[in-house]
Amino acid sequence: MNLQDAFAIESLKEKTTALRKLFAPYTPCIAVDGFEEQALTVLINLVYKQSEIDDLTSLRAAKSVLRDEVLLSKCINEVKWFHTHNLKYPDIRVSHQRLISMVVSEDIAGICSRSLPLSFGWSHNSAEINHAKLFLTLFIWQGKVTCLAKLLITEEPVWIDFIRAYGFTKKAVLDIAGKIKHQLPVAELPLEVSSFSLQLQMPYLQSYLAVTPVVSHAMLAKIQQLTTERKLNSGLVEHSRPANVGDLASSVGGNLRVLRYFPKTYSKAINRSKVANNDIEKAFKVRALLSSQFQQALLVLVDIKQFNTLRQKRLARVAAIRQVRVSLQLWLDNILEAKNNAREQSYPDWAKHYLDQSITNCISQFSNILNESLGNLSKLKRFAYHPNLMGLFKTQLNYVFTQCATEETLNDEQIVYVHCQDMRVFDAEAMANSYIQGMPSLTALNGLAHNFERKLKNFIDPSIKCIGSAIYIENYQLHTGKPLPEPSKLKQVAGRSHVIRSGIIDKPKCDITLDLVFRLFVPNIEMLNKLNSQLLKPALPSSFAGGIMHPPSLYQNIDWCHVHTKPSELFKKLKAKSSNGSWLYPSKKVVKSFEQLIDALNDNFNLRPAAIGFAALEEPVKRGGALHENHCYAEPVIGLLECVSNTSVKYAGAKQFFHDAFWVMDVQKESMLMKKSKFEYE
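Residues numbered from 1 in each chain as written. Predicted model: local features only at pLDDT ≥ 70, side-chain atom pairs only at ≥ 80, totals over all residues. Heavy atoms only, no water.

A. Here's a closer look at the overall build of the chain. In terms of helices and strands, the chain carries 26 helices and 24 strands. For the chain, the residues scored as buried account for 52% of the 682 residues in total. Look at the contacts in the chain between residues 6 or more apart in sequence, and 74% of them connect residues 24 or more apart. Side-chain charges of the chain comprise 81 positive and 64 negative groups, with the mean position of each set lying 3 Å from the other. (Helix = DSSP H or I, 4+ residues; strand = E, 2+ residues; numbered from the N terminus. Buried < 20%, exposed > 50% of the residue type's maximum accessible area, 1.4 Å probe, protein only. Contact = heavy atoms within 4.5 Å. Lys, Arg positive; Asp, Glu negative; His and termini not counted. Charge placed at Lys NZ, Arg CZ, Asp CG, Glu CD.)

If you want it as structure tokens, here you go:
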């Protein structure tokens, strides 16, 4: 709906509701060209509470606002609480501070507010929330996103004349503009860090940098818009006192949307009762055909799923073929294992029937069994023997069956790998940053690796370095409900002190089962000889992503920590891991806008948005209340990671795994971002 359609609505109640929605911060900005006078009237009348006005287009009501000097003064005073980044999100106890800034670097390898037009939010005294809307509300004029405050600061003649029409002199309007300009500087950062603001520690210049993450109003508003249009998956974060959080939270009743994506895991039990016989059950993993990604891929390939452009269709088809290949790889996993592990063609009895024949006959037989299996599964029945899929299945089966990586000899005497398997993490933070729910924190992975390195330096030698870490998520469980805070505040009632709880902040938790692989640089053999599990186990941190990390239960009787000097030995062990989970790989694709993110997720079913670090809003400075000498405010950055199944890792080969799977953090003045660890065996 555009502004013209909204003004044309006959019902007064429906018109007012439509206009409030069009000018709300959670909806895309509306163009006001040609309707400037009517739009100004609506902006003025937004100062009233919903119960105080029935018609937002009422000229009489608008004039009474501008003639009320006290009310107009309140609206102007609230400009000093406009911000670009909300310090009160999510903890409303932060007070008397505001932040106006932009990302320092012009080239961040991820999505941040640099990719969006500059826009202001508001957070202050909840009683004044409506008074802020006059100069704060965003709209599009002459092709640019703006607000009344910006237009008055730049002294746009058209808008000055519109306000003069309400009975002001030009001098009076310019006086208002001067007051707004004084209260809305180009940049403003707090002089000290609030005790309620989060601080993270990043290795920086042989010491540490204290970083306070702050949420961008423009980013959060854009996420509301995209998730409302269902272009991205979303979850809700509830705020019990939304008007205290800010204008955006208040406009959605405290139910803010965030991106909601999870690691690729398979925890559901599979019903194999419909499989033809025991030999087929042993040979083929039917679970691979039941994944939602495989079904979505088939919908694309048979032209059931519709696309707006030919380019979108072409990219989606490429992604679908890639997903079919991955699924068939898992489906054929047992056959491929038997083929690769056979010595002098002595296949197991259940595999001989499939492998003791020519490749052409093998592929033909696999194709028949695949289509029969699809026909036996209710959700996939329509794809069995589909003319658009028959040839494609045979092509991909042939590729999977013939293109298997051979064993590679990798060696570097100064590189050692520490593998910690089946680690259990309880009550970890399920929101890696303020924008994303579900995906584990990659910066937490770096913090774990850095803490591990520090302990190894103390226990063994200062020259040991951790130059990369890889993570495998086997099981992921998101908690329902909200954790109740511990009683921690004193309150006096009738002369007696009572311990009460602080306000509930909606921070979802999760339990994770994972494997960790650390790549260590060890300068000499003497130090290498000191590395053993007895020293490594106590050096491994006991926390990850805000949760408690435990080794496997004693009842499982697992030797969970191993040192590997030969990469091939480690890879042989990793290949045997369950195919229930996935490795979190750094993505080769870099996205710098939400439009690119949407395209990337549609192009590759295995990609997930992730918190890859922070973009600085200032150069590091000395600031009161900071944990270290250097401190800076930074906003979270959204990037991509790829969920790679263990089956895909196994058949891609060791060299590709050690080249592609490891993460490292690059800390600079302008950014602190996770990226692929640059290391390659010759």
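B. Spatial organisation of the pairing of strand S13 (residues 465–478). Counting buried residues in S13 gives 10 out of 14 residues, a clear majority hidden from the surface. Examined bridge by bridge, S13 and strand S16 (residues 509–521) share 12 bridges and lie antiparallel to one another. The residue of S16 that forms the bridge with Ala 470 is Val 517. As defined by bridge partners, S13 adjoins strand S20 (residues 582–586) across two bridges and the pair is classed as antiparallel. Bridge pairing in S20 places Ile 473 opposite Ser 582. (Pairing = 2+ DSSP bridges.)

C. Examining the nonpolar core more closely. Within the largest apolar cluster, 99 residues are counted, with the highest numbers of intra-cluster contacts made by Phe 518, Phe 544, Phe 594 and Met 672. It is strand S22 (residues 630–645) that contributes the most residues to this core, eight residues altogether. If we skip the residues at most four places from it in the chain, Phe 544 touches Val 425, Ala 428, Ser 441, Ala 444, Leu 445, Leu 448, Ile 471, Leu 514 and Met 549. Counting residues in each nonpolar core, the second largest holds 56 residues, with Val 32, Val 47, Tyr 48 and Leu 72 among its members. (Core = buried A, V, L, I, M, F, W, Y, C linked by side-chain atoms within 4.5 Å.)

D. Region of the structure containing the side chain of Ser 101. Within the secondary structure layout, Ser 101 lies in the loop between strand S2 (85–86) and strand S3 (121–122). Judged by its relative accessible area of 11%, Ser 101 falls in the buried class. Setting aside its immediate chain neighbours within four residues, Ser 101 contacts Thr 84, His 85 and Leu 617.

E. Representation of the pairing of strand S18 (residues 547–550) in the model. Bridge analysis of strand S11 (residues 415–429) against S18 gives three bridges, and the strand direction is antiparallel. Across the sheet, residue Val 425 finds its bridge partner in S18, namely Met 549. Relative to S18, strand S17 (residues 543–544) is paired through two bridges, and the arrangement is antiparallel. Bridged to Ser 543 within S18 is Ile 548. In textbook terms, the turn of a hairpin is the stretch between consecutive antiparallel strands, and for S17 and S18 this stretch comprises two residues, one of which, Ala 545, has a positive phi near 55 degrees.

F. Local environment of the packing of helix H15 (residues 310–331) against helix H24 (residues 594–603). Viewed as axis vectors pointing N to C, H15 and H24 meet at an angle of 45 degrees, and their least axial separation amounts to 8 Å. Between H15 and H24, the angle is such that the two are oblique. Residues Arg 311, Leu 315, Ala 316, Ala 319 and Arg 322 of H15 lie in contact with H24, whose contacting residues are Asp 599, Asn 602 and Asp 603. For the contact of H15 with H24, the residue count by class is three nonpolar, one polar and four charged. (Axes fitted to C-alpha atoms, helices over the stretch in contact; angles between N-to-C directions. Parallel < 35°, antiparallel > 145°, perpendicular 65-115°, else oblique. Nonpolar A, V, L, I, M, F, W, Y, C, P; charged D, E, K, R; others polar.)

G. Highlighting the pattern of salt bridges. Enumeration over the complete set of coordinates arrives at 21 salt bridges. For Asp 666, the salt bridge goes to Lys 675, with nearest N and O atoms at 3.7 Å. Relative accessible area serves as the criterion here: at 37%, Lys 675 is assigned to the partly exposed category. Ionic contacts of the salt-bridge type, sharing partners, join the residues Lys 285, Asp 333, Glu 337 and Lys 650 into one network. (Salt bridge = Lys/Arg side-chain N within 4 Å of Asp/Glu carboxyl O.)

H. Region of the structure containing the sheet that holds strand S9 (residues 234–238). Reading across the sheet, the three strands line up as S9-S10-S12 and stay open at both edges, with mixed pairing between neighbours. Unpaired on one side and paired on the other, S9 and strand S12 (436–438) mark the two borders of the sheet. Sheet twist, expressed as the mean angle between neighbouring strand axes with direction ignored, is 50 degrees. Pairing of strand S10 (residues 255–261) with S12, which is carried by three bridges, proceeds in the parallel orientation. Looking across to S12, one finds that Leu 259 is bridged to Ile 436. Lying on the sheet, helix H10 (residues 217–228) is in contact with S9 and S10; it crosses S10 at an angle near 75 degrees.

I. Molecular detail of the packing of aromatic side chains. On inspection of all chains with the given rule, the structure shows 19 aromatic pairs. Taken together, a centroid distance of 4.5 Å and an interplanar angle of 25 degrees make the contact between Phe 284 and Trp 331 stacked. Residue Phe 284 is found in the loop between helix H13 (278–283) and helix H14 (292–301), and its partner Trp 331 is found in helix H15; the two are separated by 47 residues along the sequence. When its relative accessible area of 1% is taken as the criterion, Phe 284 is described as buried. Ring pairs connect the aromatic residues Tyr 417, Tyr 472, Phe 571, Trp 583, Phe 657, Phe 658 and Phe 662, which therefore count as one cluster. Between Arg 325 and the ring centre of Tyr 399, over which it is positioned, the NZ or CZ distance is 4.1 Å. (Phe/Tyr/Trp six-rings, centres within 6.5 Å; stacked < 30°, edge-to-face > 60°. Lys NZ or Arg CZ within 6 Å of the ring centre and 35° of its normal.)

J. Just empty space enclosed by the protein, in detail. By the definition in use, this model includes three cavities of 30 Å³ or more. Each pocket or cavity is described by its volume, and for the second largest cavity that value is around 90 Å³. Lining the second largest cavity, in full, are Leu 40, Ile 44, Leu 66, Leu 72, Leu 134, Phe 135, Leu 148, Leu 152, Ile 163, Phe 168 and Ile 176. Every element with two or more residues in the lining of the second largest cavity is listed here: helix H3 (36–45), helix H6 (133–136) and helix H7 (148–153). Broken down by class, the residue content of the lining of the second largest cavity amounts to 11 nonpolar, no polar and no charged. (1 Å grid on protein atoms, 1.4 Å probe; cavity = no way out; pocket = protein on both sides within 12 Å on 5 of 7 lines; lining within 4 Å. Points joined across faces, edges and corners; volume = space filled by probe spheres on them.)

K. Looking closely at the packing of H14 against H15. It is at 8 Å that the axes of H14 and H15 come closest, and there the two elements cross at 135 degrees. Between H14 and H15, the crossing angle belongs to the class labelled oblique. At the point where H14 passes H15, the crossing takes the left-handed sense. Side by side, H14 and H15 meet where Gln 293, Phe 294, Ala 297, Leu 298, Val 300 and Leu 301 of the first sit next to Ala 316, Arg 317, Ala 320, Ile 321, Gln 323, Val 324 and Ser 327 of the second. The residue inventory of the contact of H14 with H15, partitioned by class, reads nine nonpolar, three polar and one charged. (Left-handed = near helix turned anticlockwise from the far one by under 90°.)

L. Looking closely at the environment of Ala 62. Within the secondary structure layout, Ala 62 lies in helix H4 (residues 59–67). Between the C-alpha atom of Ala 62 and that of Asp 511, which follows or precedes it by 449 residues, the distance is 54 Å.

M. Summary view of helix H9 (residues 170–183). Compared with an ideal rise of 1.5 Å per residue, which puts 14 residues at 20 Å, H9 spans 20 Å between its outermost C-alpha atoms and is within 8% of the ideal. Among the residues making up H9, those that are buried are Val 173, Ile 176, Ala 177, Ile 180 and Gln 183. What you see down the axis of H9 is that its buried residues fit within an arc of 130 degrees, all on one side. Pointing more than 90 degrees away from the buried face of H9 are the exposed residues Lys 171, Lys 181 and His 182. In this structure, the buried side of H9 is in contact with helix H5 (69–77), H6, H7 and helix H8 (157–164). (Expected span 1.5 Å × (residues − 1). Arc of directions from axis to C-beta.)

N. Seen up close, the environment of Leu 310. One can find Leu 310 in helix H15. Once the C-alpha coordinates of Leu 310 and Val 286 are considered, the two residues, 24 residues apart in sequence, prove to be 33 Å apart.

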